[in-house]
Each structure stands twice: as structure tokens, then as C-alpha cells.
Amino acid sequence: MATPHNDVVPGTVHLVDVGGDIHARHLEGNREIVLVPKPSSDPEDPLNWSRKRKMLSIGMCYIYTIGVGISTAVQYSVLTDIAQDTGITVAQLNLGTGLMFLFLGWACLLWQPLALVYGRRGVYVWSSFLCIWPVLWSAYSTSKGEWYAHRIILGIFASPIESLPEVTVPDLFFAHDRGTYMGIYAFLLFGSNFLAPFFAGWIDVAGGWRWVMWFGAIIQAVATVIIYFFMEETMYFRNTLEGVDEGDASNGTATPEETATQDPEKSEKTAVPTAVEGDNMPLTPKRSYWSRLQLFVKMDGRPSLKQLFTMMYRPLLIMYHFPCVTWAGFVYGTCLSWYNVLNATASSVLSAPPYNFSAGLVGTAYLSPVIGAALGALWSGWSADKLAIRLARRNNGVREPEQRLWMLGFSGLLCAAGLILWGVGAARGVHWFGLIVGLGMLAFSVICGGSLTLSYDVDCFKEIAGESMISVIIIRNTLGFAVSYGINPWINGMGLQNCFITVAMVSLACTFTFVPMIFFGKRLRKFSTKKYWEYIATSAAPHS
């Protein structure tokens, strides 16, 4: 059980060894970077895995994200065709999508505690497998009731995609580079949603919209088979805390992580556990390939069943006790809202005069958001990590989570511009290329908003990130549902031009709340300190 450290502000860590006098583990090849959190001496600690093993593990997480992302989004470019064939209106189809997003968020209260206590692998595999069936069912929809039903069920089964990868990334990577992998996750989460309509549009042209749904189910089934055979469990309970232990003394001998970076291909065979001061973790026996196929595991130090049930309601309390988490969910939620606006209007705008796009061309238009998403992932991931390290170096080596939020400035401006270009451009009948550019700009900002706020949440409260992430996703998806529910009446009431000008200004105001957070974020984290250490003592987070 963790000992309270009420004098330690959560999220403030010594990331850069400016003076070369910190006696802690450093990154091989860059002795300035302190490894945060401090890895244990156990070679089976995921932080100590070889680069090859880490890449395979995070790759399986990404394949899960792609599979679920495609299967939940294939319908976006064929909504008009579905409406014409089934009699379900586009507004009702969009409401079904909104319901799916609502349950994608709230069902995390069921899945996430299981993953935090009994393992990530089983939740990934079961979620992927269960998603196949509502996607298949959607091909046989004949009424709005059926559409709502399978969208809700799909939202429940697919909900781990929203919060579990954000736990897997810090399972495997240190503070100095996990923003990069979080950015890749955000790109794949939204990028798969953008690619799905591209494929779906041309499948619809060739075989009809029902084949689009079957395609989504096939992709989901293939992803399930791959992750079942190649995904490894990354859950690990260690007795160190981020922000508390990175300055402890080291005995100066090579650690498993350092050995791994010296020869990544051989590290699993050659790494020898060494004693680390303050580290009394027992070594974990190396598991065979077949034993790794076990879906759920019971590790020593895991929370009790009572604590598991506590995890199912405590994220709701976190929204009150942790203002930084609530803010992250709010900004991420507004970003999701503009993404939902894009999907709710793309088919109807581009298929109507003066554009008259076919379903295939509507799908092709989604290639622009894919490019925008890739650039957004680079900006909010790798670039934000480099900025955080640079600012930490200027701050005497101390990293504050708010340092990466500066990247939201550019993406916020681009989001407002993209919304105006899309909405006003469609209302005025500008050339289709202008709308396509607007879609790409909007996608860039959506990825940035998602990736940066997720990384910020993990940086602030790493030891309860599994719980706080549920809070973020519930806020995000509830906002997304509200906008999906209201966007069609909003457009009908104000008109396309005025609606999107209003949305652009709301977007700009919401995103630029990052400015006061930069100056007051640490004060808000300090406000949450007592509750943070209290929650750690009974948390389903990776420590004992």
C-alpha cells in the first residue's frame, strides 16, 4: 500500500538531469533523460522489455484499435444509401451513432476495472470478439429500433478502445516518450474512423451498403485472431511511484532496461536482474508462449474484489476531486463533438448539389482527414514530447504536465478555420477542394486535442490513470452524444453557415482554456494532492 506524500505535487517530475548529479536510472544514449517511472529490477517488468517485445505489444494494441475503429465507423459515408433503402432517416441514423458514443464512454465503468485488476489481454480479446456480432446484425437493420439497439450493444462491447490503450502505453513506455505513442494511438483511433468510410464508399458502389457492414465484421474478426495469438499481457504491479522515486540512488550497475537498449535483439536472453536500492520486488518467472495465451491472470498485489467494485463508481467522484481531469475530458469532448459534426454532415453535404458525390467519392473525401490526422499525431505526439523535454531543461530539469499544452494553440486556431471552411463553404457552394481541405484541418485539430489531453491526464495523475481515464472518456462521450443528438436540429434552425460560424467560435473558446490551465494547472493539481494519495492506497493501478 502506498504511503501518502502530501508534500509532493502529482505530475511534477525530474525528467532532465541538467547538472548530472541525479542518482537514478538514465536513458542509454542520452544521460540527461531520467527514466520516469523508475523501472523495477525484474526483467519481466514491461518497462524493462526489449524494444522488439515492446513494439510487438503496442502493435497488438494498435491492431485492436484499427479493428474496432473500422467496424464502428464503416457506415459514415453510406448513411444516405442506408436511409433510402431502410426508411430510417439520416437524423435517426446519426442519433444511433450518438447512442453508440454515449455507451462507448459509460461502459468503461464495467470493462476498465476488470482490465486493471485481472489483465489487459483478456479484455482486449473479448471486446474484439464480441464486437463482430452487432456489426453483422447492422447489415440486417429494417427499423430505427433495431439500429439503436445494435449501436448501443456495439458501444458497450467496443468501449475498451476508449480508455484501455491509454493504460497500455504507460505500461510499456517512460514519461519522456509516451506522448509519441499516445499520439500514434490517437491517430489510429480517429484515422481508422476516417479510412473506414473510404473503403465503405467503394464497397457500397460495388456491392451495396450491406456488404459495407459485412466488411466491417470481417476486419473485426481478423483483428481478433491476430491479437489472440500475438498480444501479451502488460499489467505489472510495482512498488515505485512516479514523481516520488525517480531520484533514489542507484548502485551504478547496468539495469535490464540499459542492457536492453545496448542490444535490443538479445536483451531478453542476456539481461541479468540486479539489485536496486529501494526495490524489493520478487522476480517474475518467464512465461512460455502458450502460457501467455491465457486471457486473464491473477498477480500478487492486485486489488481485492471490493476494490474492483469501488473502481466502478470512483471515476464519477474523480470528476469533482480532480479539476485537471475534468478539464481534459471537457476539451477532448469538444474535439470529439466537432468530429461527430464532420461525420454527421459529410454524406449529406457532399452527395447533395452542387457536389453530387457518389458514395465512393464521399468515402474518398475521407482521405483528407487521414492526412490531417497523421500530421496531427506528429504535432501532438513526437513534437510535444520534444517540447516538454526542452521546457523541462529550461525549468532546471523539472517537467510539468502543462508544458505540452502550448501545442493546443495552433490546433485550436486550425480547428476554427476548418469548421468555417467546411460549413460556410458548403453553404456558399465553394469548390469541393475547399471543403476537402477544411476536413483535413478539422481532423488535424481533433487528433491534437485528443492526444494532448490524454497525455496531460496521464502525466498529471499517472498512478490512477486507469481510473481518471474513465472520467475523461465519460465526459468526452457524453458531450459527443449531445452534439450528435442536436446537430441536425441546430443546422435546420440556424442554417449551415450560421451554425458552423457559431460552432467555430465555441471551438476556439473551449480549446483556448488551455491558457489559464498553463498558469493555474499546477495549483489545481496541488488541490487534488491529498485525494490523489488517498486513492493510490486503494487503486487498481499498477503498483502494490
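Residues numbered from 1 in each chain as written. Predicted model: local features only at pLDDT ≥ 70, side-chain atom pairs only at ≥ 80, totals over all residues. Heavy atoms only, no water.

**Student:** Any chance you could explain the packing of aromatic side chains here in plain terms?
**Tutor:** Any pair of aromatic rings gets described here by the distance separating the centres and the angle formed by the planes. Summed over all chains, the structure comprises 22 aromatic pairs. Here the aromatic cluster, defined as three or more aromatic residues joined through ring pairs, consists of Phe322, Phe461, Tyr532, Trp533 and Tyr535. (Phe/Tyr/Trp six-rings, centres within 6.5 Å; stacked < 30°, edge-to-face > 60°.)

**Student:** I'm lost on the confidence of the model for the protein chain in this one. Help?
**Tutor:** As a note on interpretation, predicted positions should not be read in detail where pLDDT is low. In this model, the protein chain carries an average pLDDT of 85, and 90% of its residues clear a pLDDT of 70 or more. Note that residues 248-278 has pLDDT below 50 and, in this model, 54 contacts with residues that lie over four places away or in other chains. (pLDDT = per-residue confidence, 0-100. Contact = heavy atoms within 4.5 Å.)

**Student:** Honestly, the pairing of strand S3 (residues 30-34) in this entry has me stumped. Any pointers?
**Tutor:** Look at any regular strand and the pattern is simple: side chains alternate between the two faces of the sheet. Alignment of strand S2 (residues 26-27) against S3, held across 2 bridges, turns out to be antiparallel. Counted as the bridge partner of histidine 26 is valine 34 from S3. Where S2 folds back on S3, the antiparallel hairpin that results is connected by 2 residues, among which glycine 29 adopts a positive phi of roughly 95°. (Pairing = 2+ DSSP bridges. Helix = DSSP H or I, 4+ residues; strand = E, 2+ residues; numbered from the N terminus.)

**Student:** Would you mind showing me how to read a nonpolar patch on the surface here?
**Tutor:** Taken together, the side chains of Leu56, Val225, Tyr228, Phe229, Phe230, Tyr289 and Trp290 define a hydrophobic patch exposed on the protein surface, amounting to about 730 Å² of accessible area. Going through the elements one at a time, helix H10 (209-230) and helix H13 (289-292) are the ones with two or more residues in the nonpolar patch. Considering each element in turn, the nonpolar patch owes the most residues, 4 residues, to H10. Turning to its location among the elements, phenylalanine 229 is positioned in helix H10. (Patch = residues over 30% accessible without salt bridge, like charges linked within 9 Å, V, L, I, M, F, W, Y side chains within 5 Å. Areas by Shrake-Rupley, 256 points an atom, 1.4 Å probe, with all protein chains shown as cover. Salt bridge = Lys/Arg side-chain N within 4 Å of Asp/Glu carboxyl O.)

**Student:** Sorry, what's going on with H10 here?
**Tutor:** Turn by turn, an α-helix covers 3.6 residues, leaving residues three or four places apart pointing in a common direction. Taking 1.5 Å of rise per residue, the 22 residues of H10 would be expected to cover 32 Å, and the 32 Å separating its terminal C-alpha atoms lies within 8% of that figure. Within the sequence span of H10, burial applies to Trp209, Val212, Met213, Phe215, Gly216, Ala217, Gln220, Ala223, Thr224 and Ile227. If you follow the buried residues of H10, they end up packed against helix H1 (51-71), helix H2 (79-86), helix H5 (120-138), helix H6 (144-158) and helix H9 (178-207). (Expected span 1.5 Å × (residues − 1). Buried < 20%, exposed > 50% of the residue type's maximum accessible area, 1.4 Å probe, protein only.)

**Student:** I'm lost on the nonpolar core in this one. Help?
**Tutor:** Soluble globular proteins tend to pack their nonpolar side chains together in the buried interior. Phe190 and Trp327 are the most contacted members of the largest nonpolar core, which has 141 residues in total. Not counting chain neighbours up to four residues away, the residues in contact with tryptophan 327 comprise Leu405, Leu408, Thr453, Tyr456, Thr513, Phe514 and Met517. Judged by nonpolar contacts, the second largest core, of 15 residues, contains Leu27, Ile33, Val34 and Ala392. (Core = buried A, V, L, I, M, F, W, Y, C linked by side-chain atoms within 4.5 Å.)

**Student:** Which parts of the structure should I look at to understand the side chain of glutamate 162?
**Tutor:** Its place among the elements puts glutamate 162 in helix H7 (residues 160-163). You can call glutamate 162 buried: its relative accessible area is 3%. Polar contacts involving the side chain of glutamate 162 include one to the side chain of arginine 476, which spans 2.5 Å. Ignoring any residue separated from it by four or fewer positions in sequence, one finds glutamate 162 in contact with Phe101, Leu104, Cys108, Tyr185, Leu189, Ile473, Arg476 and Asn477. (Polar contact = N/O pair within 3.5 Å; in protein donor to acceptor, adjacent residues only side chain to side chain.)

**Student:** Hey, could you run me through unusual backbone geometry in this one?
**Tutor:** With the exception of glycine, most residues fall at negative phi, and the peptide bonds are largely trans. Omega for the bond connecting valine 36 with proline 37 falls within 30 degrees of zero, at 0°, which places this linkage in the cis form. Looking at the secondary structure, you find proline 37 in the loop between S3 and H1. Put simply, proline 353 and proline 354 share a cis peptide bond, and its omega is 5°. Among the secondary structure elements, proline 354 is positioned in the loop between helix H16 (323-350) and helix H17 (359-365). Of note in this structure, asparagine 356 is not a glycine but carries a positive phi near 55°.

**Student:** Can you walk me through the side chain of glutamate 166 in this structure?
**Tutor:** Tracing the chain through its elements places glutamate 166 in helix H8 (residues 165-172). Despite its burial, glutamate 166 pairs with no opposite charge, the nearest such side chain being arginine 476 at 6.5 Å. A polar atom in the side chain of glutamate 166 sits 3.5 Å from the side chain of tyrosine 185. In contact with glutamate 166, other than residues within four places in its own chain, are Ile161, Met182, Tyr185, Leu454, Val458, Met469 and Ile473. (Lys, Arg positive; Asp, Glu negative; His and termini not counted.)

**Student:** Before we go on, may I ask you to explain the environment of threonine 478 in this structure?
**Tutor:** Tracing the sequence through the fold places threonine 478 in helix H22 (residues 465-494). Using a relative accessible area of 30% as the deciding quantity, one classes threonine 478 as partly exposed. Note: C-alpha distance between threonine 478 and threonine 80 (398 residues apart in sequence) is 25 Å. Looking at threonine 478, its side chain comes within polar contact range of the side chain of tryptophan 106, at 3.1 Å.

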